[in-house]
Amino acid sequence: MLRRALRLGLGPGLLGRGLGAHREGSTLDWHGKVSEIKKKIQSVLPGGAWSPLCDTSHLPPEHSDVVIVGGGVLGLSVAYWLKRLEKRQGAIRVLVVERDHTYSQASTVLSVGGIRQQFSLPENIQLSLFSVEFLRNINEYLAVVDDPPLDLQFNPSGYLFLASEEGATIMENNVKVQRQEGAKVCLMSPEQLRKKFPWMNTEGVALASYGLENEGWFDPWCLLQGLRRKVQSMGVLFCHGEVTRFVSSSNHMETAIGEKVTLKRIHEVHVKVDHSQEYQPVECAIVVNAAGAWSGRIAELAGIGKGPSGTLQGTKLPVEPRKRYVYLWHCPQGPGLEAPLVADPSGAYFRREGLGNNYLGGCSPAEVSSVGSGCRGEDRDRVSLSSQASLAGPVLVLMSRSPLALTWGLLPPSTTYQADRLKRPARPGSDVCPGQRKPCPHLCPQEEEPDPGNLEVDHDFFQEKVWPHLAQRVPAFETLKVRRAWAGYYDYNTFDQNGVVGPHPLVVNMYFATGFSGHGLQQAPAVGRAVAEMMLEGHFQTINLSPFLFSRFYLGEKAQEHCII
């Protein structure tokens, strides 16, 4: 009975049923109350303008219908769609809590800004198809009166996936699904690859899939700022602080088969503001967990996963921070302007960065899995710089729009990898290719997963794990010069590397928008809409994301995505 209920999901949305935060009988919001108090004090004091005894503008409000934990693109997208879909303007009060107000460590701005439809799951393809439509018409969605239009600098150069002989059949099946969902993707033989991309060595490549439309990369900082600007104009409130506690009530129930469950409802969120040891309680009706790499910790604060092992109450949110390196290099003889984002069977990837023969790329440590499309690493839709950056000297100049001071792992300007030092990929060892029963030379053992406790860069990782594969695929990269390197986090779902969307089955007013393991940025517009639909109507309306519900972790039903680069 419980399992069937979990698969069916919940009933009408909490906000759709008129559930709101209790306002203690007052029709005035907090700012209205402060204004009234000011007027009363002014009326009895002799002359002079009002001078507050204590500035409380940095504090969150005492009440909010929805509290969104995390102010990246996923959290902002949920806020946007809640306000856009509300039945009456101003009906839903939304508060966004973000602890990193500079976004210096946020996955959003440390992203390569890639978008593609080359996935194996129909749901992921549909999410990206809507998101690219949103991005291409960004000013129809996010325009603000009297503000300049947004320029995402979308570069439609496409994604190029390369497959070995073992992965060719899976690639063909994936492309069939992609075409059925409306994606414009073609298959290419090694001969066709050599003709279109003469700079590429096709040794070991049996087949390739190439995105013809609506794939490429864009400016993630512009999308973040565009969403933030728009939701502020729609009345969304912001607070720079950290969620430290949830106050909730419990209701013990027993199913028809005698299984005992405890339902929880969050009533209050405690927010610790910057430069203070105090917290501000915020009464709320719904909490959205969009905390990215730290969403697992937020779930624990709500009591999720704190129960007997093997039960729904003891099922954790399997999302944790994973550190990924990205390297930026210069190569005068490298691929030209026609170069797409190339994903090699080894897990290495690269793309152009601007117009001056600059490139960025990397290779994530691989998760050994029994399912996959040939060799695989994790999705590389991570970590980017402005295409306007100057690489003429040792200093990398960011976009003037961005206030970020990123944590760089600096290399001497003259760091060059020469051909005589080139290390070719190792011969097959003890690791296993996903979906195959033979050794794989490309998968890194799990113990090589970088320590997420800091954002320091391991430069040896490039020389030993990334550069050999790059130089083998593009011979010109044998003499590349690394200019910069940096690290960023992503919200890694250890269960199936796919997103978690929708409500928790036991903490009934906590909703998720997290765990996308590298493709959250590109799918954020569609995910935000889906979460808002579930909150307002009680079910997904435009794209059915039931396979991404939290309950799959308890049921053991993986939403396995094979096109994780």
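Residues numbered from 1 in each chain as written. Predicted model: local features only at pLDDT ≥ 70, side-chain atom pairs only at ≥ 80, totals over all residues. Heavy atoms only, no water.

Asker: Can you tell me about the pattern of salt bridges, naming the residues and giving the values?
Answerer: Overall, the coordinates contain nine salt bridges when judged by the stated rule. Salt-bridge contacts for E320 lead to R322; the nearest nitrogen and oxygen are separated by 2.8 Å. On the basis of relative accessible area, R322 is assigned to the buried category, the value being 10%. R552 is the salt-bridge partner of D496, the closest N and O atoms lying 2.8 Å from each other. (Salt bridge = Lys/Arg side-chain N within 4 Å of Asp/Glu carboxyl O. Buried < 20%, exposed > 50% of the residue type's maximum accessible area, 1.4 Å probe, protein only.)

Asker: So what's going on with the packing of aromatic side chains? Residues and values would help.
Answerer: Considering all chains together, one arrives at 25 aromatic pairs under this definition. Between Y490 and Y492 the ring centres are 6.2 Å apart and the planes differ by 40°, which places this aromatic pair in the tilted class. The burial state of Y490 is the same as that of Y492; both residues are buried. Here the aromatic cluster, defined as three or more aromatic residues joined through ring pairs, consists of F197, W199, Y210, Y325, Y327, W329, F350, Y359, F461, F462 and F477. The ring of F119 carries the charged tip of R116 above its face, separated from the ring centre by 4.0 Å. (Phe/Tyr/Trp six-rings, centres within 6.5 Å; stacked < 30°, edge-to-face > 60°. Lys NZ or Arg CZ within 6 Å of the ring centre and 35° of its normal.)

Asker: An account of the packing of helix α3 (residues 73-85) against helix α8 (residues 220-233) is requested, with residue identities and associated values reported.
Answerer: Packing of α3 against α8 leaves a shortest axis separation of 9 Å and a crossing angle of 30°. Regarding α3 and α8, the two cross each other, and that crossing is left-handed. Residues V73, L76, S77, A79 and Y80 of α3 touch α8, and the partners they reach there are L223, L224, L227, R228, K230 and V231. Residue composition of the contact of α3 with α8, grouped by class: eight nonpolar, one polar and two charged. (Axes fitted to C-alpha atoms, helices over the stretch in contact; angles between N-to-C directions. Helix = DSSP H or I, 4+ residues; strand = E, 2+ residues; numbered from the N terminus. Left-handed = near helix turned anticlockwise from the far one by under 90°. Contact = heavy atoms within 4.5 Å. Nonpolar A, V, L, I, M, F, W, Y, C, P; charged D, E, K, R; others polar.)

Asker: Report on helix α10 (residues 459-473), specifying residues and quantitative values.
Answerer: Owing to its 3.6 residues per turn, the α-helix aligns residues three or four sequence positions apart on the same side. In this model, α10 (15 residues) spans 20 Å end to end at C-alpha, consistent with the 21 Å of a helix rising 1.5 Å per residue. Of all the bends found along α10, the most pronounced is centred on V466 and spans about 45°, while P468, a proline, follows it within four residues. Turning to α10, the residues buried within the fold contact β4 (159-163), β11 (319-330), β13 (348-352), β14 (358-363) and β16 (481-493). The N-cap of α10, judged by a side-chain oxygen 3.0 Å from the amide nitrogen of D460 a few residues on, is D458. (Expected span 1.5 Å × (residues − 1). Bend = angle between axes of the 7 residues up to and from the residue. Polar contact = N/O pair within 3.5 Å; in protein donor to acceptor, adjacent residues only side chain to side chain.)

Asker: So what about the nonpolar core? Which residues, and what values?
Answerer: For soluble globular proteins, nonpolar side chains are generally found buried alongside one another. By size, the foremost hydrophobic cluster in this structure holds 56 residues, and its most contacted members are V66, I68, F134, L142, L223 and V288. By residue number, the principal contributor to this core is helix α11 (residues 520-537), which donates ten residues. In contact with L142, other than residues within four places in its own chain, are Y80, F134, L150, L223, G226, L227, R229 and K230. Formed by 38 residues, the second largest nonpolar core is a distinct cluster that contains L162, A208, A471 and A485. (Core = buried A, V, L, I, M, F, W, Y, C linked by side-chain atoms within 4.5 Å.)

Asker: Quick one: what's the story with the confidence of the model for the protein chain, residue by residue and with numbers?
Answerer: Looking at the protein chain, the pLDDT average stands at 81 and 73% of residues meet or exceed 70. Across residues 368-447, where pLDDT falls below 50, the model places 235 contacts with residues more than four positions away in sequence or in other chains. (pLDDT = per-residue confidence, 0-100.)

Asker: Any chance you could break down the environment of N289 for me, citing the residues and the numbers?
Answerer: As for its position among the elements, N289 is in strand β10 (residues 279-289). Between the C-alpha atoms of N289 and G502, which are 213 residues apart in sequence, the distance is 9.8 Å. If we ignore the near neighbours within four places in the chain, the residues touching N289 are V69, S295, I298, A299, L317, M510, Y511, F512, A513 and T514. Within the structure, N289 has its side chain in polar contact with the backbone nitrogen of A291 (distance 3.4 Å).

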